[in-house]
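Listed below, chain by chain, are the residues.
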Amino acid sequence: MTRREFWLPRPLFSLFLAVLWLLMVNSFSVAHMLLGLALGLFIPFITRAFWPEQAKVRYLLPLLRYFLVLMVDIVRSNLIVAKRILWYPNQLTPGFVTYPLELDDDFAITILASTISLTPGTVTAHYDSDAGTLLIHSLHVTDEDELVSQIKERYERPLKEIFQ
Amino acid sequence: MIGTVIPVVIGVFCIAVLLNLYRLAIGPDIVDRILALDTLMINSIALIVLADIQMSLGILFEAALLIALMGFVGTVAMTKYLLRGDVIE
Amino acid sequence: MNGSEMPLLLELIITFFLVTGAIVALIGSIGLARLKDVYMRLHGPTKASTLGVGCILVASLLYFSFLKGGLSVHEALVALFLFVTAPVSAHMMAKAALHRKLKCSPRTRKGPPDQ
């Protein structure tokens with residue numbers, strides 16, 4: 001453990017806490033920025049024993065692009081699900097799909113599972129850590145393999161680039 | 001324009017809350033009721049924020065944040081109880 | 001400063017967000033009331049309602065930013081919190097439903113593996 005790791009265990013998390021503090025007090029004065037930074041340094045320092053292994057974010061820019069894609073997808077697929085709920089709720093064929101994971105980083109898997117849950121039409125129901133699979137429930141499924149390859153192409157590949 | 005739209009939007013959210021209460025009443029399982037309560041919390045956040053805009057107060061935000069927190073913690077505690085039979089091990 | 005001084009474009013944008021949010025949240029609640037089994041009902045509220053409330057919060061953010069003459073970012077915090085916690089609670093409820101071995105609707109193509 002280097003000195004930097006002792007005093008500043010999670011630089012990104014510290015920055016995140018500082019921004020969160022500024023959002024909470026709803027003011028951007030220098031005093032609040034300093035207080036936010038102090039909190040951002042202090043909280044990770046006293047709670048570092050509780051945190052699991054740190055995820056390694058390799059590229060920050062693709063992560064931002066990933067969140068932009070995610071936001072567009074949330075809006076677009078919300079429209080599709082809205083149409084299904086309103087027009088033909090009785091002709092839906094829901095189903096469970098087992099999704100084989102390629103990622104092995106815990107934080108990346110959490111983000112992937114949250115992404116799957118946030119894009120309407122699919123919910124992550126269970127994570128099997130031994131087999132490395134996610135159990136996904138889909139509101140309307142016609143082709144399981146297509147759903148799996150779609151998620152793989154759109155979300156898992158970029159995440160793999162970012163975290164591994 | 002906003003002044004006329006807000007009461008309509010509040011009305012729409014009240015219908016949403018009534019639908020949630022309907023699901024809360026008929027169940028059929030506990031998980032359905034937890035889901036209905038969770039949705040009720042989310043819709044009530046919207047109602048609080050709308051009341052804030054309607055009255056031009058800008059101070060009800062903390063209440064919305066607290067309800068969001070309580071809703072999440074409540075949902076997790078109840079599902080945890082169903083899964084383990086215990087909330088804190 | 002009162003509402004009548006608000007530029008028309010901003011007013012239109014806020015109205016758009018308010019109406020969209022209300023419709024999306026209503027559809028989520030209709031899904032909760034109408035769909036057939038627990039797993040299907042999970043889809044409606046956890047996402048549609050979250051997006052609906054997100055729209056309302058964006059409208060509130062714009063409105064108070066204008067009203068107070070500065071950037072009001074409070075609401076972004078609530079929206080962020082909702083978007084982070086919605087998948088977690090959906091996951092927990094799906095897990096609870098699986099644990100209680102609740103029945104799927106008869107139209108389900110493939111049930112959960114351990115049933």
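Please read these numbers as outputs of a predicted model, since none were measured by experiment. (Residues numbered from 1 in each chain as written. Chains lettered and ligands numbered in written order. Predicted model: local features only at pLDDT ≥ 70, side-chain atom pairs only at ≥ 80, totals over all residues.)

Focus: the overall build of chain C
For step 1, the next point in the chain: Across its full length, chain C holds 3 helices and 0 strands.
For step 2, the next point in the chain: Helices (α) and strands (β) of chain C occur, in sequence order from the N terminus, as α-α-α.
For step 3, the next point in the chain: Here chain C has a C-alpha radius of gyration of 19 Å; the compact-globule value for 115 residues is 13 Å, and the former is much larger.
For step 4, the next point in the chain: Viewed in the frame of its principal axes, chain C has a C-alpha envelope of about 60 × 25 × 15 Å.
For step 5, the next point in the chain: Looking at chain C as a whole, 57% of its 115 residues qualify as buried.
For step 6, the next point in the chain: Of all intrachain contacts in chain C linking residues separated by at least 6 positions in sequence, the fraction that spans at least 24 positions is 62%. (Helix = DSSP H or I, 4+ residues; strand = E, 2+ residues; numbered from the N terminus. Rg over C-alpha atoms; globule rule 2.2 N^0.38 Å. Buried ≥ 20, exposed ≤ 12 C-beta atoms within 10 Å, placed from the backbone. Contact = placed C-beta atoms within 7 Å.)

With respect to the environment of Leu-135 of chain A
For step 1, the next point in the chain: Counting through the fold element by element, Leu-135 of chain A comes out in strand β3 (residues 133-138).
For step 2, the next point in the chain: The spatial distance from the C-alpha of Leu-135 of chain A to the C-alpha of Ile-109 of chain A is 13 Å, given a sequence separation of 26 residues.

As for the pairing of β3 of chain A
All names here are of chain A.
For step 1, the next point in the chain: Among the 6 residues in β3, 5 count as buried, and that is most of the element.
For step 2, the next point in the chain: Here 6 bridges tie strand β1 (residues 95-100) to β3, and the two strands are oriented antiparallel to one another. Bridging from a neighbouring strand, Pro-100 pairs with Thr-133 of β3.
For step 3, the next point in the chain: Here strand β2 (residues 122-128) hands over to β3 after 4 residues, with Gly-132 in that stretch at a positive phi of 70 degrees. (Pairing = 2+ DSSP bridges.)

Concerning the interface of chain C and chain A
For step 1, the next point in the chain: Counting from both sides, the interface comprises 34 residues of chain C and, opposite them, 30 residues of chain A.
For step 2, the next point in the chain: Of all the elements in the fold, those that place two or more residues in the side of chain C that touches chain A are α1 (8-34), α2 (38-67) and α3 (74-99) of chain C.
For step 3, the next point in the chain: Here the side of chain C that touches chain A takes 10 residues from α3 of chain C, the largest share from any one element.
For step 4, the next point in the chain: Looking at the side of chain C that touches chain A, its residues break down into 19 nonpolar, 9 polar and 6 charged. (Nonpolar A, V, L, I, M, F, W, Y, C, P; charged D, E, K, R; others polar.)

Here we look at the UniProt feature "transmembrane region" (unreviewed entry) in chain A
For step 1, the next point in the chain: Residues annotated in UniProt with the feature "transmembrane region" (unreviewed entry) correspond here to residues 7-24 and 30-51 of chain A.
For step 2, the next point in the chain: End-to-end, the C-alpha atoms of residues 30-51 of chain A are 30 Å apart, and along that stretch the chain is 77% helix and 0% strand. (UniProt positions renumbered as here; feature names shortened; annotations may be inferred.)

Some points on the interface of chain B and chain C
For step 1, the next point in the chain: With 41 residues of chain B at the interface, the matching set in chain C holds 44 residues.
For step 2, the next point in the chain: When residues of the side of chain B that touches chain C are traced back to their parent elements, those giving at least two are α1 (2-26), α2 (30-55) and α3 (61-84) of chain B.
For step 3, the next point in the chain: If you tally residues by element for the side of chain B that touches chain C, the top one is α2 of chain B, at 15 residues.
For step 4, the next point in the chain: Considered class by class, the residues forming the side of chain B that touches chain C number 28 nonpolar, 8 polar and 5 charged.

So, the packing of helix α5 (residues 106-118) of chain A against α3 of chain C
For step 1, the next point in the chain: In contact at an axis separation of 9 Å, α5 of chain A and α3 of chain C are set at 85 degrees when each is read in the N-to-C sense. Between α5 of chain A and α3 of chain C, the angle falls in the class roughly perpendicular. Two secondary-structure elements touch here, α5 of chain A through Ala-113, Ser-114, Ser-117 and Leu-118 of chain A and α3 of chain C through Ala-86, Pro-87, Ala-90 and His-91 of chain C.
For step 2, the next point in the chain: Looking at side-chain class alone, the contact of α5 of chain A with α3 of chain C contains 5 nonpolar, 3 polar and no charged residues. (Axes fitted to C-alpha atoms, helices over the stretch in contact; angles between N-to-C directions. Parallel < 35°, antiparallel > 145°, perpendicular 65-115°, else oblique.)

Details of the nonpolar core
For step 1, the next point in the chain: In terms of nonpolar packing, the biggest core is built from 88 residues, with Ile-45 and Val-49 of chain B together with Ala-25, Ile-56, Met-93 and Ala-94 of chain C touching the most fellow members.
For step 2, the next point in the chain: Per element, the largest residue contribution to this core is 15 residues, and it comes from α2 of chain C.
For step 3, the next point in the chain: Setting aside anything within four residues of it in sequence, one finds Val-49 of chain B in contact with Ala-64 of chain B together with Ile-56, Leu-57 and Ser-60 of chain C. (Core = buried A, V, L, I, M, F, W, Y, C linked by C-beta atoms within 7 Å.)

What to know about the sheet that holds β1 of chain A
Residue and element names in this part refer to chain A.
For step 1, the next point in the chain: Spatially, the 3 strands line up as an open sheet ordered β1-β3-β2, and their pairing is antiparallel. This sheet does not close on itself; its edge strands, each paired only once, are β1 and β2. Across the sheet, the axes of successive neighbouring strands diverge by a mean angle of 25 degrees, strand direction being ignored.
For step 2, the next point in the chain: Contacting β2 and β3, α5 crosses the sheet at an angle of about 150 degrees to β2.

Topic: the confidence of the model for chain A
For step 1, the next point in the chain: In the predicted model, chain A carries a mean pLDDT of 79, and the fraction of residues at 70 or more is 91%.
For step 2, the next point in the chain: When mean pLDDT is taken per element in chain A, helix α3 (residues 30-46) of chain A scores highest with 85 and helix α1 (residues 3-7) of chain A scores lowest with 68. (pLDDT = per-residue confidence, 0-100.)

Points about unusual backbone geometry
For step 1, the next point in the chain: Positioned with a positive phi, Ser-56 of chain B is a non-glycine residue whose angle comes to about 50 degrees.
For step 2, the next point in the chain: Residue class for Ser-56 of chain B comes out exposed when judged on the 12 C-beta atoms lying within 10 Å of it.

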